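Fold and contact review
Take a look at the letters that make up each chain.
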Amino acid sequence: EAQVTQNPRYLITVTGKKLTVTCSQNMNHEYMSWYRQDPGLGLRQIYYSMNVEVTDKGDVPEGYKVSRKEKRNFPLILESPSPNQTSLYFCASSLLDSSLYEQYFGPGTRLTVT
Amino acid sequence: AQSVTQLDSQVPVFEEAPVELRCNYSSSVSVYLFWYVQYPNQGLQLLLKYLSGSTLVKGINGFEAEFNKSQTSFHLRKPSVHISDTAEYFCAVSEWGGADGLTFGKGTHLIIQP
């Protein structure tokens with residue numbers, strides 16, 4: 001089954017404790033992206049990647065890191081989480097086809113930073 | 001760069017009544033347009049998309065949308081809603097030849113009243 005998986009689905013952590021949210025897709029998509037969803041703000045892009053070893057900042061990259069060492073994986077790293085990073089996070093992937101970004105979304109990771 | 005405005009943050013409607021969710025976009029070039037749906041506690045799912053050709057696009061679950069280039073709009077409609085349509089709906093745009101990926105609106109919460 002074609003899908004985007006994220007782990008963990010729920011995470012409660014404390015300020016400053018490094019964490020990684022994993023994202024994996026099995027559709028051989030070149031493009032992968034991370035979003036955060038906050039009430040009243042919709043989805044805001046954190047980072048995206050056009051292919052292996054190619055990453056770029058989205059609209060709200062501060063406090064986050066990513067890497068793309070393999071085509072299928074795109075982990076999101078919070079080196080020193082803070083309470084304002086409490087949010088619902090989505091990973092998405094798509095083909096790079098004439099700029100058609102029809103994205104497939106993971107189920108989401110709900111992060112709480114206390 | 002593109003932008004998307006969803007004019008209503010919340011739309012209450014009675015069951016079996018028609019509904020329209022409004023979406024306007026801004027771009028200096030031609031665009032692809034999407035509507036995504038997010039059911040409670042789930043990820044985003046593609047509802048429908050406009051790529052080219054007919055301006056009336058049909059999607060899943062009886063939804064349709066009409067692309068209006070002169071008004072830069074892509075409103076979503078359904079002639080008769082059901083309780084199961086209660087969800088958050090997101091309009092999104094990507095530019096032809098662009099590298100910025102998808103830009104999302106802030107979402108419209110559709111509330112179906114019995």
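Reference entry: report on the structure contained in this document. (Residues numbered from 1 in each chain as written. Chains lettered and ligands numbered in written order. Predicted model: local features only at pLDDT ≥ 70, side-chain atom pairs only at ≥ 80, totals over all residues. Heavy atoms only, no water.)

What follows is about the packing of aromatic side chains. All names here are of chain A. As enumerated under the stated definition, the model contains 13 aromatic pairs over all chains in all. Taking 5.8 Å as the distance between ring centres and 35 degrees as the angle between the ring planes, the aromatic pair formed by Y35 and F105 counts as tilted. Here Y35, found in strand β4 (residues 31-38), pairs with F105, found in strand β10 (residues 104-105); they are 70 residues apart in sequence, far enough to count as distant. What makes Y35 buried here is its relative accessible area of 0%. (Phe/Tyr/Trp six-rings, centres within 6.5 Å; stacked < 30°, edge-to-face > 60°. Helix = DSSP H or I, 4+ residues; strand = E, 2+ residues; numbered from the N terminus. Buried < 20%, exposed > 50% of the residue type's maximum accessible area, 1.4 Å probe, protein only.)

In this structure, W35, L48, L76 and Y89 of chain B are the most contacted members of the largest nonpolar core, which totals 28 residues. C23, M32, Y47 and V113 of chain A belong to the second largest nonpolar core, which has 19 residues in total. (Core = buried A, V, L, I, M, F, W, Y, C linked by side-chain atoms within 4.5 Å.)

Okay, the interface of chain B and chain A next. Contact with chain B, which involves 24 residues of that partner, is made by 22 residues of chain A. The three residues of chain B that bury the most area against chain A are L44, F104 and K106 of chain B, which together make up 26% of that side's buried surface. Joining chain B to chain A, the criterion identifies zero salt bridges. Going through the elements one at a time, β5 (31-38), β6 (44-50) and β10 (87-95) of chain B are the ones with two or more residues in the side of chain B that touches chain A. When its residues are assigned to classes, the side of chain B that touches chain A shows 11 nonpolar, nine polar and four charged. (Contact = heavy atoms within 4.5 Å. Buried area = accessible area lost by both parts, 1.4 Å probe. Salt bridge = Lys/Arg side-chain N within 4 Å of Asp/Glu carboxyl O. Nonpolar A, V, L, I, M, F, W, Y, C, P; charged D, E, K, R; others polar.)

Before going further, it helps to examine the state of the cysteines. Tallying each qualifying case throughout the model produces two disulfides over all chains. The partner cysteine of C23 of chain A in its disulfide is C91 of chain A, sulfur to sulfur 1.8 Å. Measuring the twist about the S-S bond at about -70 degrees, one finds the C23 of chain A-C91 of chain A disulfide to be left-handed. Within this pair, whereas C23 of chain A is found in strand β3 (residues 19-25), its partner C91 of chain A is found in strand β9 (residues 87-94), the two being separated by 68 residues in sequence. No difference in accessibility class separates C23 of chain A from C91 of chain A, as the two residues are buried. Between the sulfur of C23 of chain B and that of C91 of chain B lies a disulfide, 2.0 Å long from S to S. Where C23 of chain B bonds to C91 of chain B through sulfur, the torsion about that S-S bond is close to -65 degrees, and the disulfide is left-handed. Linking C23 of chain B in strand β4 (residues 23-26) with C91 of chain B in strand β10, this pair joins segments that are 68 residues apart in sequence. (Disulfide = S-S within 2.5 Å.)

Attention now moves to unusual backbone geometry. Residues and elements named next belong to chain A. A cis amide bond, omega -5 degrees, links N7 with the succeeding residue P8. Within the element layout of this structure, P8 appears in the loop between β1 (4-7) and β2 (10-13). Unlike most non-glycine residues, N28 shows phi in positive territory, near 60 degrees. For E53, which is not a glycine, the phi torsion comes out positive at approximately 65 degrees. Relative accessible area serves as the criterion here: at 61%, E53 is assigned to the exposed category.

Structural measurements only, silent on function.
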